[in-house]
Every structure is written in structure tokens, then in C-alpha cells.
Amino acid sequence: MKIARIVGVLLTALLPVLGEEPPSPTPSKDGQDLRTAPLPEGTLVRIGTPLSREEGKNEGGEIFSVVFSPDGKTLASGGGRTVCLWEAATGKEVSRLQGHEDRFVSVAFSPDGKTLATGSWDNTLRLWDAVTGKELFCLKEHQDHVGSVVFSPDGKTLASGSHDHTVRLWEAATGKEILCLDGHRKTVRSVAFSPDGKALVSVGSDRTVRLWETATGKEVSCFQGRDRFFSVAFSTDGKTVALGDDEGTIRLREAATGEEIACLKAHEGHVESVAFSPDGKTLASGSHDRTVRLWEVASGREIRCLNGHENWVMSVAISPDGKTMASGSKDTTVLVWDLAGMTR
């Protein structure tokens with residue numbers, strides 16, 4: 001047995017020299033492939049993204065972003081140099097989008113579901129036909145990684161946040177840049193439109209939360225936090241923003257004044273993603289501590305702590321009908337959870 005292991009190690013080391021590469025590793029726990037392991041409690045579907053050799057070179061397969069289509073039937077996940085579209089109910093792969101020269105880290109559907117926007121570490125954001133997979137535009141104004149993309153509620157405007165410290169607004173129909181919002185002094189980690197589309201909130205590594213008027217690009221307000229912010233989301237009524245930081249804390253603040261409403265503490269690592277349910281009663285969060293947590297917004301009470309991922313949870317998304325939730329992780333899987341059953 002020991003000889004066989006030694007031979008295996010030697011072959012793995014020699015394959016690149018011989019012109020071949022070893023197969024990419026699959027996510028596993030105690031030697032069992034996570035994609036075929038029993039489903040964690042509370043999950044409906046596990047979606048695994050196979051690691052190709054090319055993706056493996058770029059740490060591919062890790063999921064950085066998940067989002068539901070407006071009708072809730074399709075789920076998009078971004079990781080490596082591929083965005084995959086899946087049937088949300090079954091986990092069956094529908095199609096793949098490829099074109100970025102580095103990893104996809106942010107994915108967004110337009111409100112009509114016809115267009116996908118993607119942000120990448122190749123410093124570009126791209127617009128795609130969600131049905132055909134055809135690339136429509138490649139937007140190259142950012143000077144560093146594009147880590148966050150989001151459509152306005154009316155679908156006419158696209159916002160992007162970048163490591164180049166800027167937020168940019170684009171005309172979705174043409175790809176034309178409308179405004180460059182300059183105020184952050186470090187990486188912009190996340191951006192989100194208000195439900196009426198009149199305001200945009202951005203957070204970053206400079207520990208600030210900035211509120212912008214989308215029509216003019218005017219900075220309406222800016223408040224300083226103690227820790228670096230990684231994620232932000234507007235409540236469905238537009239009155240509250242949820243902020244996830246690098247200390248594992250989620251803060252609920254009044255959007256208009258920045259006044260803190262609640263401080264939610266349970267995570268033990270960066271909070272990479274936050275999402276409100278459509279009725280505004282529940283907040284979901286994903287963290288480096290490998291958990292997804294559900295919170296009651298009115299009281300700040302933790303409802304559930306969901307375990308199932310074997311690496312950082314990078315993204316959470318709630319379906320438009322509020323019945324299911326998806327979480328994407330660096331363990332290369334997407335889990336679809338029975339949210340309705342957990343929040344009754």
C-alpha cells in the first residue's frame with residue numbers, strides 16, 4: 001500500500017513534466033465526494049461545478065456568486081472562468097458562459113431575466129444574452145478587479161464596484177458609461193440599488209458606507225464603520241441597509257441617516273454576503289466560518305444556523321417567491337435550501 005502511494009505521488013509530480021496535468025481535485029470530506037454525499041439537513045438540491053484542468057489552474061470551480069433569475073426557475077453561479085446556469089428545482093445544468101480572462105466573482109440578472117451581467121478579476125464587466133449565451137458588451141473602464149455588479153430595478157442601469165476604488169454606472173442597453181462615482185479610498189466590495197432605483201449604496205475596505213444619488217452621482221451621505229465592510233443589501237422597503245463586515249458582524253442601519261438599528265453577532269469570520277427575503281422579514285448571511293445564518297429582521301434574533309459547506313460561503317441569494325435560498329461556496333458547490341420550511 002505504501003509503495004502504491006509513493007508511485008502515485010511520483011506520477012502526479014511527473015505528469016506536468018511529461019506534458020500532462022493531473023486531474024483537478026474534487027471537493028471531499030473524509031474522502032467522500034461532496035457532490036455525491038448525503039444532502040445536508042434542510043437542503044433540496046446540491047449543485048456541483050466540476051473542476052476542469054484549465055479552471056483548476058485558476059482555482060476554478062470555487063463559487064463566488066449565486067443569483068436567481070427573476071422567475072426563480074434558473075440559478076446562475078460564477079466561479080473560475082465559467083458562469084453556469086442551472087435549473088433551480090433540479091440542479092440540472094442548462095448552459096455555460098465563458099469569455100472572461102480571469103475568474104468570475106459577481107453575477108447579476110436583469111429584472112426581465114433576458115440579460116446577465118458579470119464582473120471579473122480581469123478588470124472587466126460583461127453583458128450576456130441569458131438565453132443564447134452570446135456576449136453583448138465588454139466594458140473596460142475599470143482599472144482593477146470588478147467585484148460587484150447589480151442592475152437597477154428598472155433594468156436600465158448597471159452599477160459596478162471595483163478594487164480601483166470607484167463605482168461606475170452604465171447604460172445597460174448600450175454599455176455606455178454614465179457616471180464614475182469617486183469617493184472610496186480603498187476597494188469597493190459591494191454595491192446595491194434602493195428598491196426605487198433612486199439611490200445606490202456602496203461599501204468598501206476603507207470602512208465607509210456611502211449613499212449616492214443615481215441620477216446625478218452626488219454623494220448623499222457617508223458614514224464610517226469600525227471594521228471593513230464586505231457586503232451590503234437594501235431592505236425591500238428601502239428604509240434599512242444590512243452590512244456585513246470582516247469581524248463576522250452584521251449591522252442594520254437606517255438608510256437615510258446611517259443610524260444603527262441592530263447589531264447581529266454570531267458568525268466567526270468575514271460576512272461575504274447578505275440578502276433580504278422578498279417580504280423583508282428574514283435576512284440571510286454567508287460567512288468564512290462556512291455557515292449560512294438566518295435572522296429575524298424585526299428582532300435581530302438568529303433563526304437558524306445552517307451547516308453544509310466545507311469552505312467559505314461567498315454568496316447567498318433568496319428566490320423571488322421567498323421559498324428557497326441558494327448559497328455558493330469555495331468548496332465548489334451550490335446548495336439550495338428549503339427556506340419556507342425554516343421560517344414558518
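Residues numbered from 1 in each chain as written. Predicted model: local features only at pLDDT ≥ 70, side-chain atom pairs only at ≥ 80, totals over all residues. Heavy atoms only, no water.

### Section: the sheet that holds strand β18 (residues 208-213)
- Read across the open sheet, the four strands follow the order β16-β17-β18-β19; overall the sheet is antiparallel. Only two strands of the sheet have a single neighbouring strand rather than two, namely β16 (188-193) and β19 (219-224). Looking at each pair of strands side by side, their axes are set apart by 15° on average, direction ignored.
- As defined by bridge partners, β16 adjoins strand β17 (residues 199-204) across five bridges and the pair is classed as antiparallel. Paired with Ser190 across the two strands is Val203, which belongs to β17. (Pairing = 2+ DSSP bridges. Helix = DSSP H or I, 4+ residues; strand = E, 2+ residues; numbered from the N terminus. Axes fitted to C-alpha atoms, helices over the stretch in contact; angles between N-to-C directions.)

### Thoughts on the environment of Ala117
- Structurally, Ala117 can be placed in strand β9 (residues 115-120).
- On the basis of relative accessibility, which here comes to 0%, the residue Ala117 falls in the buried class.
- Taking C-alpha positions, Ala117 is 9.8 Å from Glu135, a pair spaced 18 residues apart along the chain.
- Among residues more than four places away in sequence, those in contact with Ala117 are Ser106, Val107, Ala108, Arg126, Leu127, Val149, Phe151 and Leu158. (Buried < 20%, exposed > 50% of the residue type's maximum accessible area, 1.4 Å probe, protein only. Contact = heavy atoms within 4.5 Å.)

### A short note on the pattern of salt bridges
- Taken as a whole and judged by the stated rule, the model has 17 salt bridges.
- A salt bridge links Arg301 to Glu296; the shortest N-O distance between them is 3.6 Å.
- Residue class for Glu296 comes out partly exposed when judged on its relative accessible area of 28%.
- Salt bridges sharing partners connect three or more residues here, namely Asp245, Arg251, Arg253 and Glu260. (Salt bridge = Lys/Arg side-chain N within 4 Å of Asp/Glu carboxyl O.)

### Some words on the layout of surface pockets
- Taken as a whole, the second largest pocket holds about 220 Å³ of empty space.
- What lines the second largest pocket is a set of 14 residues, among which Asp279, Lys281, Thr282, Thr343 and Arg344 lie closest to the centre.
- Counting only elements with at least two residues in the lining of the second largest pocket, the list comes to β27 (301-307) and α3 (339-342).
- If one sorts the elements of the lining of the second largest pocket by residue count, α3 sits on top with three residues.
- Broken down by class, the residue content of the lining of the second largest pocket amounts to five nonpolar, four polar and five charged. (1 Å grid on protein atoms, 1.4 Å probe; cavity = no way out; pocket = protein on both sides within 12 Å on 5 of 7 lines; lining within 4 Å. Points joined across faces, edges and corners; volume = space filled by probe spheres on them. Nonpolar A, V, L, I, M, F, W, Y, C, P; charged D, E, K, R; others polar.)

### Some details on the environment of Ser299
- Summarising the element assignment, Ser299 is placed in the loop between β26 (291-296) and β27.
- Judged by relative accessible area, which is 47%, Ser299 ranks as partly exposed.
- Distance from Ser299 to Ala262, taken between C-alpha atoms, is 8.4 Å for residues 37 residues apart in sequence.
- Here the side chain of Ser299 touches Glu296 through a polar contact of 2.4 Å, side chain to side chain. (Polar contact = N/O pair within 3.5 Å; in protein donor to acceptor, adjacent residues only side chain to side chain.)

### Here's the deal with the sheet that holds strand β29 (residues 324-329)
- The antiparallel open sheet is built from four strands, whose spatial order is β3-β30-β29-β28. Strands with a single pairing partner mark the edges of an open sheet, and in this sheet they are β3 (43-48) and β28 (313-318). On average, each strand axis in the sheet is inclined to that of its neighbour by 15°, with strand direction left out of account.
- Sheet topology note: the β29/strand β30 (residues 333-338) ladder contains five bridges and is antiparallel. In the strand pairing of β30, Ser327 is matched with Leu335.

### Topic: empty space enclosed by the protein
- Enumeration according to the criterion identifies one cavity of 30 Å³ or more in this entry.
- Taken as a whole, the largest cavity holds about 40 Å³ of empty space.
- The wall of the largest cavity is formed by Val201, Val209, Arg210, Leu211, Ser221, Phe223, Val241 and Ala255.
- Those elements that place two or more of their residues in the lining of the largest cavity are β18 and β19.
- The biggest single contributor to the lining of the largest cavity is β18, with three residues.
- For the lining of the largest cavity, the residue count by class is six nonpolar, one polar and one charged.

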